[in-house]
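Architecture at a glance
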Amino acid sequence: MRSKRASIRFIENSYKLYEQKMYQVAYSVLHDQGLAEDAVQEAFVKLMKHNVYFEDLESDECKRYMITVIKHSSIDIYNKKRKEREIVYLSAEDADIKDIPVQDDADGINNIEEIISSLPEKYYLVVNCLAVKNLSVKETALELGITEANVRKRFERAKLMLKNLVKRSGEYETGSKLHKTEAV
């Protein structure tokens, strides 16, 4: 069993030898100087936690291991940042559908809330959480007990259904109002 001092020396020597190479790998994944530096730091913390030690620092096995650790650390950071940026945006054509005034029509649908409430329940619940309650995808998933991917897919399908419901009811959007279309 090696001493704590030998492990510390190994990490220090590894840092001196591999820090720049690891930074280059991290930067090629992340394309951000600060995140690449964070990935290198995270990689060395992992090495310390797992008490990694190689007799020969310059061996191919050690090099491959270091590259693998930094790749995984970089990908972890990339995925974390991607998830943080993942927000459901309503496109301009779907912007704040609950506030769009709708004229009365012969079928009795006189406002957008009625159109939304005519959606199947699983889609209505997602639209209600995201567009009405302004919850995030993650909060909606927790509230409904489904995955985040499922929330995004249901919301996408609900938007398509809403467009079709509005079209079928003979209404179309111009400016901020929905108008009745005339049959030709």
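Scroll up to find the structure.
It should be emphasised that the depicted structure is a prediction, and the values quoted were computed from it without experimental measurement.

Describing unusual backbone geometry
The backbone of Asn51 sits at a positive phi, close to 50 degrees, despite the residue not being glycine. With respect to the helices, strands and loops of the structure, Asn51 is situated in the loop between α2 (33-49) and α3 (60-85).

What about the pattern of salt bridges?
Evaluated as defined, the whole model comprises four salt bridges. Taking the shortest distance from any N to any O, the salt bridge between Glu143 and Lys133 comes out at 3.0 Å. One end of the pair, Glu143, is in helix α6 (residues 137-144); the other, Lys133, is in the loop between α5 (121-132) and α6, with 10 residues separating them in the sequence. Residue classification places Lys133 among the partly exposed positions, given a relative accessible area of 45%. Of the charged contacts in the structure, one is a salt bridge between Lys153 and Glu156, with a shortest N-O distance of 3.5 Å.

Considerations on the packing of α5 against α6
Remark: α5 packs on α6, axes separated minimally by 10 Å, with the N-to-C direction vectors making an angle of 140 degrees. As the angle between them shows, α5 and α6 are arranged oblique. Between α5 and α6 lies a crossing whose hand is right-handed. Along its contact with α5, which presents Leu125, Val126, Cys129 and Leu130, the element α6 presents Val137, Thr140, Glu143 and Leu144. Across the contact of α5 with α6, the residue classes tally to six nonpolar, one polar and one charged.

Thoughts on the environment of Asn13
The topology assignment puts Asn13 in helix α1 (residues 4-30). In sequence terms Asn13 and Leu57 are 44 residues apart; their C-alpha atoms lie 8.0 Å from each other.

Points about the nonpolar core
Core analysis: the largest hydrophobic core is formed by 23 residues, its most contacted members being Phe10, Met22, Leu47, Met66 and Ile70. Among the elements of the structure, α1, α2 and α3 are those that each provide at least two residues to this core. The element contributing the most residues to this core is α1, with eight residues.

Rules behind the numbers
- Residues numbered from 1 in each chain as written.
- Predicted model: local features only at pLDDT ≥ 70, side-chain atom pairs only at ≥ 80, totals over all residues.
- Heavy atoms only, no water.
- Helix = DSSP H or I, 4+ residues; strand = E, 2+ residues; numbered from the N terminus.
- Salt bridge = Lys/Arg side-chain N within 4 Å of Asp/Glu carboxyl O.
- Buried < 20%, exposed > 50% of the residue type's maximum accessible area, 1.4 Å probe, protein only.
- Axes fitted to C-alpha atoms, helices over the stretch in contact; angles between N-to-C directions.
- Parallel < 35°, antiparallel > 145°, perpendicular 65-115°, else oblique.
- Left-handed = near helix turned anticlockwise from the far one by under 90°.
- Contact = heavy atoms within 4.5 Å.
- Nonpolar A, V, L, I, M, F, W, Y, C, P; charged D, E, K, R; others polar.
- Core = buried A, V, L, I, M, F, W, Y, C linked by side-chain atoms within 4.5 Å.

From the geometry alone we can't say anything about function, so treat these as descriptive.
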